[in-house]
Amino acid sequence: MSKNKSSESVKVVVRCRPLSRKEESSGPAGGIVQMDLRLGQVILRNPRAPPSEPQKTFTFDAVYDANSKQRELYDESVRPLIDSVLAGFNGTIFAYGQTGTGKTYTMQGAWLDPEKRGVIPNAFDHVFTHISRSQSDKQYLVRASYLEIYLEEIRDLLDPNHTNARGLELRENPDTGVYVQDLTSCVCKSIKEIEEVMNVGNQARAVGATDMNEHSSRSHALFLITVECSQPGPDGRKHIRVGRLNLVDLAGSERQAKTGVQGERLKEAAKINLSLSALGNVISALADGRSGHVPYRDSKLTRLLQDSLGGNAKTVMVATLGPAPQHYDETLTTLRYANRAKNIQNQPRVNEDPKDALLREFQREIARLRAQLNYRKWRSKQKNEQMEGESWDGDREKETEGEEDEEVEKEAEEYVKLEEQRLEREKEAIRGDEYMVAEEKQRLLGEKERMMVDLRKEQEATEQLTAKYKAMESKLLVGGKNIIDHTNEQQKMLEMKRQEIAEQTRNEREIQQQMLAQDEETLELRETFTSLQQEVEAKTKKLKKLYTKLQCIKAEIKDVNDEHVKSRQELEQTQNELTRELKFKYLIIENFIPPEEKNKIMNRLIFDPEEDQWKFQPLVPAERSMKKRPASAVGYKRPLSQYARVAIAMGGHSRYRAENIMFLELDVTPPNTTLFDRSKDAELNQSPSLDNSPTKEKGIRKSHSW
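Notes on the structure follow. (Residues numbered from 1 in each chain as written. Predicted model: local features only at pLDDT ≥ 70, side-chain atom pairs only at ≥ 80, totals over all residues. Heavy atoms only, no water.)

**Regarding the pattern of salt bridges**
Once the charged atoms of two side chains with opposite charge are near each other, the side chains can pair.
Logical step 1: On inspection of all chains with the given rule, the structure shows 21 salt bridges.
Logical step 2: A salt bridge links Lys 585 to Glu 581; the nearest nitrogen and oxygen atoms lie 3.7 Å apart. Taken together, the positions of Lys 585 and Glu 581, both in helix 15 (residues 532-592) and 4 residues apart, correspond to about one turn of that helix.
Logical step 3: According to the relative accessible area criterion, Lys 585 is partly exposed, its value standing at 44%.
Logical step 4: With its nearest N and O atoms 3.6 Å apart, the salt bridge here joins Lys 600 to Glu 597. One end of the pair, Lys 600, and the other, Glu 597, are both in helix 16 (residues 595-604), 3 residues apart, so they sit about a helical turn from each other.
Logical step 5: Looking at Glu 597, the relative accessible area reads 36%, which means it is partly exposed.
Logical step 6: One network of salt bridges, in which partners are shared, links Lys 56, Arg 336, Glu 556 and Asp 559. (Salt bridge = Lys/Arg side-chain N within 4 Å of Asp/Glu carboxyl O. Helix = DSSP H or I, 4+ residues; strand = E, 2+ residues; numbered from the N terminus. Buried < 20%, exposed > 50% of the residue type's maximum accessible area, 1.4 Å probe, protein only.)

Next comes the structure, spelled out in structure tokens:
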């Protein structure tokens, strides 16, 4: 891998969805989020605070309101990242936010509607369109994988038996970083094939309904695209670059009181919140910069995003918001996390062979030395020549020799100049002729003037005709070109124009943000006062402004403390629920599992430091082979004794219906009874209570059944 010391920050954009019908009918009118698209600012209003309290303002790389289109977000914020992936960089796009704020819509959208296609289908189109328009000496290999993290287990969505299979394991390679072992990878040759891969994975993804979202994602989904490019280098050998694109659709953070989940959905929500909490801790540790330890291993999500956050990748984070007043706390938390993520620094570099990187450095050094040598030769030539202009004119002539159109235009200009010079000479000659009559001179000079005007008109007409010819030529299909190539060229030019417009918009926003910051810093230096009263008023105004900022910071500290307390209470509640479930399982183990079986299970447990969890050893070690079946059981389901074989051979015996299985039927015949007559003396000696017994009979029945 090439080692480039340059670093860049994570790009953070914010998108706000419109109010839903349920929110419009249940909550107060109006939203709590305002967006300044020109400055890239989000203004948040606290619905529970008094009107005098100042609103909270956050600044990001770009913001998109409820009226924004999918294509705008992609062209302005995502397209440069996909171009970097095609150039050999690692890239990651992930959507972060509360449940039901439009993360899945932003990432996937409506596939059948071109205007509503999300980031993922537009990225597919971008990758394969770039490959189709690339040069013929380049070869590409595109591979796709799809996985989800459900209940902290990694599942391969392209595996038909992923629900029954064991969770996949994470591994780490010093060269390629963190990867998933045994993950299915599909080679895709067209947009249709990679969309088919995506559809297969979406059908297997875990989705459930909650009170806030009818189609809530119950897992974190990662779609991974690997683009390998092989092209010949200056040495004639083929060199390979590998770009990796991670498209991440995170499950939303949720609270039980609002989502109303129970049972299995509650367990899913607890795991989702724990992994998102770990992600928030990683973002905070990276943004702080003072922490030496970054807790990547706290969850599998942060482990997979290790390169994307502070590593070898270019990252775009799309934070999605809900404008409803009842979701103020979640919206504020999302904005704070997004604001922290802006400070994360990544170190992206091109993924190529180390030998190719060394060769690239040698080529740069050779080019630098060649430029120095040419500069020295030029300086020595300058000293030897007497006229500086000649060498520059000669250089300019050499630079334009190879272009036929420019030569033709220059010849036309020279022809016009020569004609003008000839006419001027003829006019001077007419004026200098003493023997010519004055009227004749005037007539001839007038003709020359008309010829000059005609020449200039002809030049203008020629220029207009040339421009019209070029415009018409661009609309026609040249021989040797098919209509598909021509259409591709026009689409390529259109995309380049779109990219230029998006780049210009980004630059304007950055310049405006810088100017706003500089104006606040240099306002004091530019202020001059004509009187003491004016200075007092200005200082008072500034003091009020600083006091307002102080109040905002105090309110921010209070909000952070309240949020911390609330998060701690939620974690304590989750801990209590898990503890109660653990005690219940301990109770089952102590009362229903024999101690010897419990000891067997405990002896099989081992701790895996790589996965940071306990695992069971296999019952039969891999190095041991299973015992062979005895020879007496060949052809039968189980070993048989000699007596059983004889019984089977005889057949027809009522007690042997199958292979060595005895059926002992119960005796269901009615019991035999005998009647005993009692003597009269016995009847007299019987107690009165027995005489009055309702169960008294003439005799006693004794059963003879065995």
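**Here we look at the packing of aromatic side chains**
When we look at a pair of aromatic rings, we describe it by the centre distance and by the angle of the planes.
Logical step 1: Under the criterion given, the structure shown has 6 aromatic pairs.
Logical step 2: Pairing Trp 111 with Phe 124 gives two aromatic rings, centres 6.2 Å apart and planes at 45°, and the pair type is tilted. One end of the pair, Trp 111, is in the loop between helix 3 (103-107) and helix 4 (119-133); the other, Phe 124, is in helix 4, with 13 residues separating them in the sequence.
Logical step 3: Seen from their ring centres, Tyr 146 and Phe 223 are 5.2 Å apart, and the 70° between their planes marks the pair as edge-to-face. Taken together, the positions of Tyr 146 in strand 8 (residues 139-150) and Phe 223 in strand 15 (residues 220-232) put the pair 77 residues apart, joining distant regions of the chain.
Logical step 4: Its relative accessible area of 1% is what places Tyr 146 among the buried residues.
Logical step 5: Ring pairs connect the aromatic residues Trp 111, Phe 124, Tyr 146 and Phe 223, which therefore count as one cluster.
Logical step 6: A cation sits over an aromatic face here: Lys 314 above Phe 89, 4.5 Å from the ring centre. (Phe/Tyr/Trp six-rings, centres within 6.5 Å; stacked < 30°, edge-to-face > 60°. Lys NZ or Arg CZ within 6 Å of the ring centre and 35° of its normal.)

**Notes on the sheet that holds strand 5 (residues 56-59)**
Logical step 1: Across the sheet, which stays open at both edges, the 3 strands sit in the order 3-4-5 with antiparallel pairing between neighbours. The open sheet has two free edges, formed respectively by strand 3 (33-36) and strand 5, since each of these has just one partner strand. Averaged over all pairs of adjacent strands, the angle between strand axes in this sheet comes to 20°, irrespective of strand direction.
Logical step 2: Direction of pairing for strand 4 (residues 41-44) relative to strand 5: antiparallel, over a ladder of 4 bridges. Residue pairing for strand 5: Leu 44 is matched across the bridge by Lys 56. (Pairing = 2+ DSSP bridges. Axes fitted to C-alpha atoms, helices over the stretch in contact; angles between N-to-C directions.)

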